[in-house]
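Examination of the molecular architecture
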Amino acid sequence: LFPYTTLFRSGSLGEAMKKAPARTTKRLQHLRWADMKEEWLNPRISRRLAVGEREMLGWIWLKKGAVVPAHKHLSEQITFILKGALKFTILGEDYTVRSGEVLIIPSNVVHEAVALEDTDDFDCFSPLRKDWLTGTDLYLRTGRSYLRK
């Protein structure tokens, strides 16, 4: 059985690690969101990150009215709204994504968002967002887009 199938069927992390191929055990992580540091990017947006070798997941909290300025990145982005709603503007069209909905944004597509309510959002990226990992994601920290018009 694939090691993660074993993990979910048996519930034993140790068992899964013994059966996992060597390349998986090098980076296996078992994390709790509650134990992760919350990083405040500005007074209206915070996040916690789970980072793998080639993929990352961010739990983003946005206060109603928070703005994510226009930006783009190499990473494909999959956004899942756990609670609340975000209005994305992509290529001149608005998309409102609500609780229980998913939006998939291809690589290098300019997008921006506004929180219509207090929102819990999970964003998955591949490849890794180096700007998020190094703190150079100034568009989130300053509230200003770095894109030229």
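All values reported here derive from a predicted model rather than from experimental measurement.

Quick notes on the rules
- Residues numbered from 1 in each chain as written.
- Predicted model: local features only at pLDDT ≥ 70, side-chain atom pairs only at ≥ 80, totals over all residues.
- Heavy atoms only, no water.
- Helix = DSSP H or I, 4+ residues; strand = E, 2+ residues; numbered from the N terminus.
- Buried < 20%, exposed > 50% of the residue type's maximum accessible area, 1.4 Å probe, protein only.
- Contact = heavy atoms within 4.5 Å.
- Areas by Shrake-Rupley, 256 points an atom, 1.4 Å probe, with all protein chains shown as cover.
- Pairing = 2+ DSSP bridges.
- Axes fitted to C-alpha atoms, helices over the stretch in contact; angles between N-to-C directions.
- Salt bridge = Lys/Arg side-chain N within 4 Å of Asp/Glu carboxyl O.
- Phe/Tyr/Trp six-rings, centres within 6.5 Å; stacked < 30°, edge-to-face > 60°.

Observations concerning the overall build of the protein chain
Check the secondary structure of the protein chain and you find five helices and 10 strands. A burial count over the protein chain gives 34% of its 149 residues as buried. By sequence separation, contacts in the protein chain at least 24 residues apart represent 60% of the contacts at least 6 residues apart. Per element, the accessible surface of the protein chain, about 9400 Å² overall, is 54% carbon and sulfur.

Regarding the sheet that holds strand β10 (residues 119–126)
Reading across the sheet, the six strands line up as β1-β2-β3-β10-β5-β8 and stay open at both edges, with antiparallel pairing between neighbours. Taken across any chain shown, the strands that pair with only one partner, and hence form the sheet edges, are β1 (39–42) and β8 (102–105). Ignoring which end each strand starts from, the neighbouring axes of this sheet average 25° apart. Direction of pairing for strand β3 (residues 56–62) relative to β10: antiparallel, over a ladder of seven bridges. Residue pairing for β10: Trp-59 is matched across the bridge by Phe-122.

Considering the pairing of β8
Side chains of β8 alternate between two faces, with Leu-103 and Ile-105 buried and Val-102 and Ile-104 left unburied. Examined bridge by bridge, strand β5 (residues 76–83) and β8 share four bridges and lie antiparallel to one another. Its bridge partner lying in β8, Thr-79 is registered against Leu-103.

Structural notes on the sheet that holds strand β6 (residues 85–90)
Sheet architecture is open: four strands sit in the order β4-β9-β6-β7, paired in antiparallel fashion. Every other strand in the sheet has two partners, leaving β4 (67–71) and β7 (93–98) as the edge strands with one partner each. Put simply, the sheet's adjacent strands are angled 20° from each other on average, direction ignored. Pairing of β6 with β7 involves six bridges; the strand directions are antiparallel. Paired with Phe-88 across the strands is Tyr-95, a residue of β7.

Some points on the pattern of salt bridges
Evaluated as defined, the whole model comprises eight salt bridges. With a shortest N-O distance of 3.1 Å, Glu-39 and Arg-47 are connected by a salt bridge. What emerges from the salt-bridge pattern is a single network uniting Glu-39, Arg-47, Asp-137 and Arg-141.

Considering the packing of aromatic side chains
Aromatic rings in a pair are described by how distant their centres are and how their planes are angled relative to each other. In the structure shown here, the tally under the stated rule is six aromatic pairs. For the ring pair Trp-59 and Phe-122, a centre distance of 5.4 Å and an interplane angle of 25° mean the geometry is stacked. One end of the pair, Trp-59, is in strand β3; the other, Phe-122, is in strand β10, and 63 residues separate them in sequence. Given the relative accessible area of 24%, Trp-59 is considered partly exposed. Arranged with centres 4.9 Å apart and planes meeting at 70°, the rings of Phe-125 and Trp-132 form a pair that is edge-to-face.

These results come straight from atomic positions and should not be treated as a statement about function.
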